[in-house]
Amino acid sequence: MATTRSPAPAADALPAARRAAPLAAVAVAFAGVQLCCAVAGMDLGWDESVYLSQVDPRNPAAYFSAPRSRGITLLVAPVVAVTSSTTVLRVTLALLSPAALYAAFAVWRPLLGRARTALAALLFAGLWITVLSGPEVMPNLWVALASVAAVGWFLRARPDGPGRRRALTALTAALGAVGLLHAPDAGWLALPLLAACAAVRPWRRPGTVAAVLGGLALGCAQWVAEAYVRFGGVGRRLSLSSDTEGGMGAHPGAGLRAAYRALNGPQLCRPCHIAGPSLTHSLWWLLLPALTASACVLAVAGRRRAGPAAMSAALTLLPVACALALAAPYLLLLDYAAPRFLLPAYALLALPVAAAAVTAVRALPSARARLAVTALLTAVLGAHLTVQGEELRANTADARDTAVRYRRAAEELGRLGLTAPCLVTGPRAQPVAYAAGCASAQIAGNNRSHTAADIVRRASRIPTALLFDTKDPYLPSYARAWHPRALPGTDWVAYLP
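A short tour of the structure in this document, coming up. (Residues numbered from 1 in each chain as written. Predicted model: local features only at pLDDT ≥ 70, side-chain atom pairs only at ≥ 80, totals over all residues. Heavy atoms only, no water.)

## Section: the overall build of the chain
Alright, step 1. Of the regular secondary structure elements, the chain holds 19 helices and 5 strands.
Alright, step 2. Rg of the C-alpha trace for the chain: 25 Å, near the compact-globule value of 23 Å for 497 residues, within the 12% margin.
Alright, step 3. In terms of its C-alpha atoms, the chain occupies a principal-axis envelope of roughly 80 × 60 × 55 Å.
Alright, step 4. Here the chain holds 497 residues, and 51% of them are scored as buried.
Alright, step 5. By element, 64% of the accessible surface of the chain is carried by carbon and sulfur atoms, the whole surface being about 22300 Å².
Alright, step 6. Each charge sign in the chain was given a centre, from 45 positive and 22 negative side chains, and these centres are 13 Å apart. (Helix = DSSP H or I, 4+ residues; strand = E, 2+ residues; numbered from the N terminus. Rg over C-alpha atoms; globule rule 2.2 N^0.38 Å. Buried < 20%, exposed > 50% of the residue type's maximum accessible area, 1.4 Å probe, protein only. Areas by Shrake-Rupley, 256 points an atom, 1.4 Å probe, with all protein chains shown as cover. Lys, Arg positive; Asp, Glu negative; His and termini not counted. Charge placed at Lys NZ, Arg CZ, Asp CG, Glu CD.)

Structure, rendered in structure tokens:
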């Protein structure tokens, strides 16, 4: 009997698959860790409930404060329109975020090569905050990946390079995505790109400048329009954003201390008066400036070398400059911290650090030396990933505990008679109200949206509850005649009219 043979792959198919394999393996591992460690049993957090409520047809929209942008709500809108299942939402994001990781870092493969690019993606994806952010409805990870893509496409848009038009279009789209996800970050990212256009002759082209400015304008258009519709203009929105953030100003010492203390959690450290992490769990962060500086030195020296191993200085200096620009407002202008704030900087810094490591190993004179150093660096990387795994387990458990309290409070309110349409007020009203299917309102604080008279008036028409923390000495005057009801499994009491 005659046998049939499958056709051989096309001449360029197998090399392309091999080029994609290392980065694809990192993306698959990233998805697997998320599905195993950060999805099961993870209810919605505070900020997630705010973002989801904007597009959830089953729940009233929570107050959307001035610093927020709506890009992440648009990303999850198709899922929320179809189902209310948190698990489905988590799994969808746990699959989308590795795909976005692959797409963003793949932009750099023609610039750095497959080994450096895959290592950079692994360094970024191996951080506990990156894994935990993957299935969460939060913008920071997506800002990080869009920033990586934007800087990569900027570097690929050389006047004499192939595919310049495609690179400029992709640059506009990537920077526009950053603006849609978090408008202020897009402005900070655009600054070093525009500075490069002014300082470096090959980038001093109208098309490159137009791509940067066009992406910034397209991405921030919705934010600017909303500033005029809801807040009275861009200046007023920026002022309100500063107030919400506690007064943005010169806080270099406080910002750096807070970022270090919150390195391994909590997910929001405000005020940040906790002790710092142990040295073994923060050594990578303390060494990151030295590693980055070494990468810059190697890149400048490599510019003078001949051969394919030499790194162009721009491939290192530009992502470092963009990382510093994106980190500056969080490290220098705020007096509190959240680990997710620095995700864009971590993603961009992973590229030059990984490139410098691979270049340094390949520059060693003998195969035995290269093997020994590779084994040592692999052991160090393994220890680092082990530490990140421990922090992932601890922070995932904390996030689950916090979200479970929101759900328990919502369930107890339902048993006390709060059914839609209903209203929940108090310091933790937004996440609990969303879980209960109620509207939320605040009369003070960063999310102030109503007055006490508004609450009393609405309480006369619909079921209303004030969530009160037993540790808080102040009970609003309008609720002093209301009836307290304990909410088992939480630290809160519900006051009902």
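## Remarks on unusual backbone geometry
Excluding glycine, most residues fall at negative phi; most peptide bonds, likewise, are trans.
Alright, step 1. Each neighbour pair has its own omega, and for G265 with P266 the value is 5°, a cis peptide bond.
Alright, step 2. Within the secondary structure layout, P266 lies in the loop between helix 13 (252–261) and helix 14 (283–302).
Alright, step 3. For the peptide bond that leads from A420 to P421, omega is -5°, which places it in the cis range.
Alright, step 4. Note that P421 resides in the loop between helix 17 (367–415) and strand 1 (423–425).

## Quick look at the sheet that holds strand 4 (residues 483–486)
Alright, step 1. Strand order in this open sheet of 5 strands is 2-1-3-5-4, and the pairing throughout is mixed. In the strand order of this sheet, the two ends are held by strand 2 (439–441) and strand 4, each with one partner. Across the sheet, the mean angle separating the axes of adjacent strands is 30° when strand polarity is ignored.
Alright, step 2. For strand 3 (residues 464–469) and strand 5 (residues 492–496), the ladder comprises 4 bridges, and the chain directions are antiparallel. Bridging from a neighbouring strand, F468 pairs with V493 of strand 5.
Alright, step 3. Lying over the sheet, helix 17 contacts strand 1, strand 3 and strand 5, oriented at roughly 30° with respect to strand 5.
Alright, step 4. Against the sheet, helix 19 (residues 452–459) touches strand 1, strand 2 and strand 3, its axis set at about 145° to strand 1. (Pairing = 2+ DSSP bridges. Axes fitted to C-alpha atoms, helices over the stretch in contact; angles between N-to-C directions. Contact = heavy atoms within 4.5 Å.)

## Topic: the packing of helix 17 against helix 18 (residues 429–436)
In a pair of packed helices, the angle between the axes and the distance between the axes together describe the arrangement.
Alright, step 1. Taken N-terminus to C-terminus, the directions of helix 17 and helix 18 make an angle of 55°; their axes are 8 Å apart at the nearest point. Between helix 17 and helix 18, the angle falls in the class oblique. As helix 17 runs across helix 18, the sense of the crossing is right-handed. Contacts between helix 17 and helix 18 involve Y406, A409, A410 and L413 from the first element and P431, V432, A435 and A436 from the second.
Alright, step 2. Across the contact of helix 17 with helix 18, the residue classes tally to 8 nonpolar, no polar and no charged. (Parallel < 35°, antiparallel > 145°, perpendicular 65-115°, else oblique. Left-handed = near helix turned anticlockwise from the far one by under 90°. Nonpolar A, V, L, I, M, F, W, Y, C, P; charged D, E, K, R; others polar.)

## So, the environment of R164
Alright, step 1. Relative to the assigned elements, R164 resides in helix 9 (residues 164–181).
Alright, step 2. A residue is classified by how much of its surface remains accessible, and R164, at 18% relative accessible area, is buried.
Alright, step 3. Between the alpha carbons of R164 and L291 there is a distance of 32 Å; along the sequence they are 127 residues apart.
Alright, step 4. Residues contacting R164, with those up to four places away along its chain left out, are A157, R158, P159, R205, G207 and T208.

## A word on the packing of aromatic side chains
Alright, step 1. Counted by the stated rule, this structure contains 10 aromatic pairs.
Alright, step 2. Measuring from ring centre to ring centre gives 6.4 Å for F105 and F124, while their planes differ by 35°; the resulting arrangement is tilted. On the criterion of sequence distance, the pair formed by F105 in helix 4 (residues 86–106) and F124 in helix 6 (residues 114–125) is long-range, its members being 19 residues apart.
Alright, step 3. An aromatic cluster is defined as three or more aromatic residues linked by ring pairs; in this entry it consists of Y330, Y336 and F341.
Alright, step 4. Taking NZ or CZ as reference, R68 lies 5.1 Å from the ring centre of Y51, over its face. (Phe/Tyr/Trp six-rings, centres within 6.5 Å; stacked < 30°, edge-to-face > 60°. Lys NZ or Arg CZ within 6 Å of the ring centre and 35° of its normal.)

In short, geometric facts, not functional conclusions.
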